[in-house]
Amino acid sequence: MHTHIFNSRDFPSLSPPSFIFMMNQRTYTHAHSENLCHGGIMITASHLPCDKNGLKFFTKARGGYTKSDVQDLIEIAKLDVMKKTQQYHGKEGKSSPTEKVNFMPLYAKTLRDAIIREVHNTSSTATATIDQLLQQPKPLSGIRIVLNAGGGSGAFFDGVLRGLGADTSSSIGVVPNSEFPLGVPNPENPDMVSRTIDACAESNADLGIMLDTDADRSGFVLPRSITVTVNDDSKAAKKACSGYEVLNRNRLIALLGVAFAQKSPGCTIVTDSGTSEGLAHFLTQNLRLRHCRYLKGYANVIGKAKRLCAGTLRHSGLGTTGTINAEMAIETSGHCAMKENDFVDDGTYTAVKLIGMLAKHQEQQHQPGSSSNSIASFSYTSLLELIVDLNEMETECEL
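What you see is a predicted model; the values in this text were computed from it and never measured. (Residues numbered from 1 in each chain as written. Predicted model: local features only at pLDDT ≥ 70, side-chain atom pairs only at ≥ 80, totals over all residues. Heavy atoms only, no water.)

Here we come to the packing of helix H3 (residues 104-120) against helix H10 (residues 347-364). Packed helix pairs are specified by the crossing angle of their axes together with the interaxial distance, meaning the distance between the axes. H10 packs onto H3 with a crossing angle of 30° between their chain directions and a minimal axis gap of 8 Å. The pairing of H3 with H10 is recorded here as roughly parallel in orientation. Along this stretch, H3 crosses H10, giving a crossing that reads as right-handed. Residue-level contacts link Tyr107, Leu111, Ala114, Ile115, Glu118 and Val119 of H3 to Thr348, Tyr349, Val352, Lys353, Ile355, Gly356, Ala359 and Lys360 of H10. When its residues are assigned to classes, the contact of H3 with H10 shows 9 nonpolar, 2 polar and 3 charged. (Axes fitted to C-alpha atoms, helices over the stretch in contact; angles between N-to-C directions. Helix = DSSP H or I, 4+ residues; strand = E, 2+ residues; numbered from the N terminus. Parallel < 35°, antiparallel > 145°, perpendicular 65-115°, else oblique. Left-handed = near helix turned anticlockwise from the far one by under 90°. Contact = heavy atoms within 4.5 Å. Nonpolar A, V, L, I, M, F, W, Y, C, P; charged D, E, K, R; others polar.)

Encoded structure:
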């Protein structure tokens, strides 16, 4: 998993370093924050067939490029690229215009640190704080996670989870394979959902994570029932999970809403227009959050959230002026971007939030005191219970 970075000696108008070809959007964000590049380009077809590959462009100032940004870029390229090419080919003893640099360890470390912060409920990004927390028992020890990356670029996340103590032995598609033998990864695809549910049931998993091809979308699987049996003599615990259900679309937005209601009461959640009335009621009435329902398209909801935070517009439905604390922009397809993550559309970071919720939720479960019996059984509350008041539609069909 490597990335190419153009060297500024071959393009004198750019100070070192310049643009990187990357695996995903978050790779660029962290490379930029470390002053390793000015911009990023990702080659991806997303969930489309491999012959539909295209380019996504990113800079710090603009974030992900929109259609109009790309059109401007094309016009600039028409005027400039030939000149740069001629300059390059006119050099004597010219070297390759790219060098190979592995940015993935940097990206993986940021996700690891984010999970640690979520589990320990700290907002500190200080290296000393993270290093101190790393001295404690691994935060995901005892948690079984099925990661279904489908052979896509999100396969690296398996190593992050294992490094924190999670049992990921039943994961699927964690070896990148551009042929996608199990089908193109898509967390909304019934086959991918069914395959993940089966793997979770077979392995007694606490959580299933589904990522699309380039890991910017995610969906999840959770058990409805969790029973723990503890042998008082040996203190050994055995967990049994059952009734696995998919967590995506309105359900996923609702559960993430619970997380932000605790972290940032009264904040705004921006969604696309495909969300249900039941979700709107749950966010605004049950969680006392603000809900801004906007246009379809993940770029649209992300752009809307950024403008709300910047105070460059007023949304009449929110009944306020000035800046608005829009913590999350999310589309029902699973595209999700959070303010704390620089509004980068990142499925692995969405998983970070769910993993943090799961670990804290299980830690908060109270085990009963010792009984006269040598074996005691008790039940965990599923994360699904946190959205039990969400009014769901019996039939959901998108036209």
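Picking up after the structure, the text goes on.
In this structure, Ile115, Leu140, Phe157 and Ile209 are the most contacted members of the largest nonpolar core, which totals 61 residues. At 9 residues, the largest contribution of residues to this core is made by helix H7 (residues 249-263). The residues contacting Leu140, other than those within four sequence positions of it, are Ile115, Val119, Leu161, Leu164, Gly165, Ala166, Ile355 and Ala359. Counting residues in hydrophobic clusters, the runner-up holds 16 residues, among them Ala199, Met210, Ile226 and Tyr244. (Core = buried A, V, L, I, M, F, W, Y, C linked by side-chain atoms within 4.5 Å. Buried < 20%, exposed > 50% of the residue type's maximum accessible area, 1.4 Å probe, protein only.)

All right, on to the sheet that holds strand S13 (residues 326-330) then. The 4 strands are arranged S12-S11-S13-S14 in an open sheet whose pairing can be described as mixed. Only two strands of the sheet have a single partner each, and these edge strands are strand S12 (290-293) and strand S14 (336-338). Sheet twist, expressed as the average angle between the axes of neighbouring strands with direction ignored, equals 15°. Here H7 sits on the sheet in contact with strand S11 (268-271), S13 and S14, set at roughly 170° to S13. (Pairing = 2+ DSSP bridges.)

With that settled, consider the environment of Ser169. If you trace the backbone, Ser169 turns up in the loop between helix H5 (157-163) and helix H6 (190-203). A residue is classified by how much of its surface remains accessible, and Ser169, at 62% relative accessible area, is exposed. With 11 residues separating them in the primary sequence, Ser169 and Asp158 have C-alpha atoms 9.4 Å apart. Of note is the side chain of Ser169, whose polar atom sits 2.7 Å from the side chain of Asp167. (Polar contact = N/O pair within 3.5 Å; in protein donor to acceptor, adjacent residues only side chain to side chain.)

Tallied over the full model, the rule gives 3 aromatic pairs. Between Phe57 and Tyr65 the ring centres are 6.2 Å apart and the planes differ by 40°, which places this aromatic pair in the tilted class. Take Tyr65: its relative accessible area is 22%, and that puts it in the partly exposed class. An aromatic cluster is present here, built from Tyr107, Phe156 and Phe157 joined pairwise through their rings. (Phe/Tyr/Trp six-rings, centres within 6.5 Å; stacked < 30°, edge-to-face > 60°.)

Two side chains with opposite charge may pair up if their charged atoms get near one another. For the structure shown, the criterion picks out 20 salt bridges. One salt bridge in this structure joins Glu327 and Lys263, with 3.9 Å as the shortest N-O distance. Of this pair, Glu327 sits in strand S13 while Lys263 sits in helix H7, and the two are 64 residues apart along the sequence. When its relative accessible area of 45% is taken as the criterion, Lys263 is described as partly exposed. Of the charged contacts in the structure, one is a salt bridge between Lys296 and Asp272, with a shortest N-O distance of 3.4 Å. (Salt bridge = Lys/Arg side-chain N within 4 Å of Asp/Glu carboxyl O.)

Here we come to the pairing of S13. When a strand is regular, its side chains alternate between the sheet's two faces. A large share of S13 lies buried, amounting to 5 of its 5 residues. Taken together, the 4 bridges between S11 and S13 define a ladder with parallel strand orientation. Within the sheet, the bridge partner assigned to Thr268 lies in S13 and is Ala326. One ladder, built from 3 bridges, connects S13 with S14; its direction is antiparallel. In the sheet register, Met328 faces S14, and the bridge partner there is Met338. Hairpin connection between S13 and S14: a loop of 5 residues separates the two successive antiparallel strands, and Gly334 in this loop has a positive phi of roughly 110°.

By the secondary structure assignment, Thr168 is in the loop between H5 and H6. Of the residues examined, Thr168 reaches a relative accessible area of 7% and is grouped as buried. If we skip the residues at most four places from it in the chain, Thr168 touches Ile145, Asp158, Leu161 and Arg162.

What follows deals with the pairing of strand S9 (residues 218-231). In terms of strand pairing, strand S8 (residues 207-211) meets S9 through 4 bridges, oriented antiparallel. The residue of S9 that forms the bridge with Ile209 is Phe220. What sits between S8 and S9 in their antiparallel hairpin is a turn of 6 residues, with Ala215 showing a positive phi close to 65°. Bridging between S9 and strand S10 (residues 237-247) involves 10 bridges; their strand directions are antiparallel.

This part is about H7. Spacing of three or four residues puts side chains on the same side of an α-helix, whose turn is 3.6 residues. Here H7 contains 15 residues, and its C-alpha end-to-end distance of 21 Å stays within 8% of the 21 Å for a straight helix at 1.5 Å per residue. Across the 15 residues that make up H7, a large majority, 13, are buried. (Expected span 1.5 Å × (residues − 1).)

It is worth spelling out unusual backbone geometry at this point. Positive phi, close to 65°, is recorded for Ala215, a residue that is not glycine. Even without being glycine, Arg288 reaches a positive phi, approximately 60°. Structurally, Arg288 can be placed in the loop between helix H8 (277-286) and S12. Judged by relative accessible area, Arg288 falls into the exposed class, the value being 58%.

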